[in-house]
Amino acid sequence: MKRKVLACITACALAVCCFVPVSFAATAVTDEASLRTAIEEGGTIDLNNQTINLSSKLVIDNNVTITGGTLNGDFSGTGTANNVVEVVNGADVTLNDITINSKSNHALNVWGGNVTANNLILDHSNGQNGAPAVISNSSNAKFSGELTLKLGDKSWYGINIDNSTVDFTGATITGVDTKVNTQSVVCIEDPVNEGVTGLPVSLTEVRTADGQIAFVQDEDLSQFVAAKKDKDVTSITLYDDVKLSEPLNLYNATKVIGNGNSIIGPDGVKDNVVTVWEDGTALNDLAIKTTASNKSALHLYKASATLTNVTLDNQETVGGAGMVVNGGKATIVGKLNILLGANSWGGVNIDDQYGNSGMEFADGSTLTLTSPSNQDAIYIDRDEDNSVTVIGADKAGLEQDADGNYVIAKTEEPTEPSQPGDKPSQDEDKTPAADADKEAAADSPKTGDESASYGLLIALMLCSGAGIYALKRNAK
């Protein structure tokens, strides 16, 4: 009986050892019909770097992996306006090295599905409506490698995300060529469930009062903000330095969050870099820099603004100031640092031509000025019909000159004593206690003398001990 059991165990062991895992090859497709059949069956589909022309939208509702090829949706001559690829019904779809071309609506529409894409190209340059990608209806998407977005004149934006989760970590967004400068790279419709992570820091975030969050390229920021004027731009957040292609006009009460980055003026444009048109605007933790063709870094026109830890760099200018306050008011919180060049008019120009103007320094605020010449920190152009008010300048380190302008306050340097007797002599500085200590130190043995005395004493003790021992030994 034991032998039978042992034989059975041995046979099973041999069967397990001889088992070889079978790897299932990817299904190769040659045309649209074989592709649709392969999707119904599921699994891995290899396009073998072919271009598959689609006669209608490709609906994917099965778990599949599609690799290496192009899906071309040219429905323009069929009278059908539809998306090229749709992922629906919770399907898990992986796209590796895939290109999707659209001459219709969205190139990729994820509607309640899950997509993982590596090295994906979405070409909407000839699209008639929609966008390269729309991810909505509680979908999930993960992008890695190169994500190339090609927009056309009729594209809404690059990627639209609505009530879905999208991860761009490990992805590089490349090839974004916005044909219209009001197009964003990424547009998020649902601020309650943003769920977007890993976006490149080279994009600037713009939020509007209707809840939309857009991520915009540098060269499109000014035009995008102007186009959203009626939707009320509430905030602009910088994640990197922004080089403008046109001056930035803040028509709404906007909070600009700089995160220590800079807004750099456009080249070849003789205008101010940033102009504030609406009360309640706030500029936080940023620098505004002019180029050689720009005028002033910042202009407040009939509007109030609060500047918190702001640097105004007007070193390169065709002629302007760090800031112009024209019929408005600037409130300074923290540090205001102004850098001037040879063509600069001065630090802050307060002009009441278009209404009462002013500047107020909050408690603890300071103004620092770097100038190649003795330019004013604040200089005032007055109109007889209006008034100029400057509050707290002295607390910010400024003083008023004879012309009524403000300069950096001079600090008095400590003076040396005029009479030699004002400063104690070396003899006077000595105290009796110090002299007594010195005399005591002279009479006390030096460190080397003390060591020698102790050594001699020890030697005598050893010798006397040795003599006593010898006498006792002889006595015995």
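Anything mentioned here points back to the structure above.
No experiment lies behind these values; they were computed from the predicted model shown.

## What to know about the overall build of the chain
- Scanning the chain from terminus to terminus reveals six helices and 34 strands.
- The buried share of the chain, taken over its 476 residues, is 43%.
- A fraction of 63% describes how many contacts in the chain between residues 6 or more apart in sequence connect residues 24 or more apart.
- Accessible surface, the chain: about 24700 Å² in total, of which carbon and sulfur atoms supply 51%.

## Description of the packing of aromatic side chains
- All told, the structure shown has five aromatic pairs when counted by the stated rule.
- Ring plane angle 65° and centroid distance 5.3 Å describe the contact between Trp277 and Tyr301, whose orientation is recorded as edge-to-face. Of this pair, Trp277 sits in the loop between β22 (274-276) and β23 (281-289) while Tyr301 sits in strand β24 (residues 298-301), placing them 24 residues apart in sequence.
- Of the aromatic side chains, those joined through ring pairs into one cluster are Tyr251, Trp277, Tyr301 and Tyr354.
- When the ring centre of Tyr251 is taken as reference, the NZ or CZ atom of Lys229 above it lies at 4.6 Å.

## Concerning the pairing of strand β28 (residues 344-351)
- Of all eight residues in β28, seven are buried, a share of seventy percent or more.
- Bridging between strand β26 (residues 320-326) and β28 involves six bridges; their strand directions are parallel. The residue of β28 that forms the bridge with Val325 is Ile350.
- One ladder, built from four bridges, connects β28 with strand β31 (residues 378-381); its direction is parallel. Residue pairing in the sheet places Asn349 in a bridge with Tyr379 of β31.

## A short note on unusual backbone geometry
- Phi is positive for Asn119, which is not a glycine, with a value near 55°.
- Position of Asn119 relative to the elements: it lies in strand β8 (residues 114-123).
- The residue Asp285 is not glycine, and still its phi comes out positive at about 50°.
- Here Asp285 lies in strand β23.

## Examining the environment of Asn343
- Along the chain, Asn343 turns up in the loop between β27 (329-340) and β28.
- Accessibility expressed as a relative area gives 48% for Asn343, which makes it partly exposed.
- It is 6.5 Å that separates the C-alpha atoms of Asn343 and Val318, two residues lying 25 residues apart in sequence.
- Those residues in contact with Asn343, other than ones at most four positions away along the chain, are Thr317, Gly319 and Gly320.
- A distance of 3.2 Å separates a polar atom in the side chain of Asn343 from the backbone oxygen of Thr317.

## Some thoughts on the pairing of strand β25 (residues 304-314)
- As paired elements, β23 and β25 share eight bridges and run parallel to each other. Following the sheet pairing, Ala287 is matched in β25 by Thr311.
- Two strands pair when backbone bridges link them, and β25 and β27 are joined in this way by ten bridges, in the parallel orientation. When the bridges of β27 are listed, Asn314 appears paired with Leu340.

## Brief notes about the pattern of salt bridges
- As enumerated under the stated definition, the model contains eight salt bridges in all.
- With its nearest N and O atoms 2.7 Å apart, the salt bridge here joins Glu32 to Arg36. Of this pair, Glu32 and Arg36 both sit in helix α2 (residues 32-41), four residues apart, roughly one helical turn.
- Accessibility expressed as a relative area gives 16% for Glu32, which makes it buried.
- Owing to a relative accessible area of 25%, Arg36 belongs among the partly exposed residues under this scheme.
- Here Glu205 makes a salt bridge to Arg207, at a shortest N to O gap of 2.6 Å.
- Judged by relative accessible area, which is 26%, Arg207 ranks as partly exposed.

Analysis parameters
- Residues numbered from 1 in each chain as written.
- Predicted model: local features only at pLDDT ≥ 70, side-chain atom pairs only at ≥ 80, totals over all residues.
- Heavy atoms only, no water.
- Helix = DSSP H or I, 4+ residues; strand = E, 2+ residues; numbered from the N terminus.
- Buried < 20%, exposed > 50% of the residue type's maximum accessible area, 1.4 Å probe, protein only.
- Contact = heavy atoms within 4.5 Å.
- Areas by Shrake-Rupley, 256 points an atom, 1.4 Å probe, with all protein chains shown as cover.
- Phe/Tyr/Trp six-rings, centres within 6.5 Å; stacked < 30°, edge-to-face > 60°.
- Lys NZ or Arg CZ within 6 Å of the ring centre and 35° of its normal.
- Pairing = 2+ DSSP bridges.
- Polar contact = N/O pair within 3.5 Å; in protein donor to acceptor, adjacent residues only side chain to side chain.
- Salt bridge = Lys/Arg side-chain N within 4 Å of Asp/Glu carboxyl O.

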